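Chain and residue survey
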Amino acid sequence: MTKFMCWIVCICSFILVKGQRSDTFSLQFQPMWEIFPLSLGQELDSITSLNITTLQFYLAHIELLDGAHSVWKDTTYHLMDAKDPGSFLIPCDLPQDIFFTRVRFQIGVDSIK
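Residues numbered from 1 in each chain as written. Predicted model: local features only at pLDDT ≥ 70, side-chain atom pairs only at ≥ 80, totals over all residues. Heavy atoms only, no water.

Turning our attention to the layout of surface pockets. Within this model, the second largest pocket holds a volume of roughly 160 Å³. Lining the second largest pocket are Q28, F29, Q30, P31, L38, S39, L40, A82, P85, F88 and L89. It is strand β2 (residues 24-33) that provides the largest number of residues to the lining of the second largest pocket, a total of 4 residues. Looking at the lining of the second largest pocket, its residues break down into 8 nonpolar, 3 polar and no charged. (1 Å grid on protein atoms, 1.4 Å probe; cavity = no way out; pocket = protein on both sides within 12 Å on 5 of 7 lines; lining within 4 Å. Points joined across faces, edges and corners; volume = space filled by probe spheres on them. Helix = DSSP H or I, 4+ residues; strand = E, 2+ residues; numbered from the N terminus. Nonpolar A, V, L, I, M, F, W, Y, C, P; charged D, E, K, R; others polar.)

Summarising the element assignment, I98 is placed in the loop between β9 (89-93) and β10 (102-112). Put simply, I98 and L64 are 34 residues apart on the chain and 9.4 Å apart in space, counted from C-alpha to C-alpha. Sequence-distant contacts of I98, that is, excluding residues within four places in its chain, are made with V71 and W72. (Contact = heavy atoms within 4.5 Å.)

A separate point is the nonpolar core. By size, the foremost hydrophobic cluster in this structure holds 20 residues, and its most contacted members are L27 and I90. Residue assignment for this core shows that the elements contributing at least two residues are β2, β6 (55-66) and β9. Looking at which element gives the most residues to this core, the answer is β6, with 5 residues. (Core = buried A, V, L, I, M, F, W, Y, C linked by side-chain atoms within 4.5 Å. Buried < 20%, exposed > 50% of the residue type's maximum accessible area, 1.4 Å probe, protein only.)

What follows covers unusual backbone geometry. Backbone geometry places H61, a non-glycine residue, at a positive phi of 50°. Its location among the elements puts H61 in strand β6.

The structure is reproduced here in structure tokens:
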């Protein structure tokens, strides 16, 4: 199970979505299996017959960095639920003129079936 949870961490990717010249910003996450978006209830691997029917996890401690320096932190927890695609979009209020080159966050698994 630990190996599978680590794999879930590796397959979650993110897309940055910036607002129109304002201080609004959203992080959009897309769970992936290899190079394909994850679809619940579909066989992911014909060799192992892997099929995920429930996927929920928490994102926490989202941090924007400029190089190694933190420029913004979010201390809240966000439940990501594959049955609710809207849960993969996290709006963030940022200071104006913020510059960052990296995003860091923590993932906690809630349930996988």
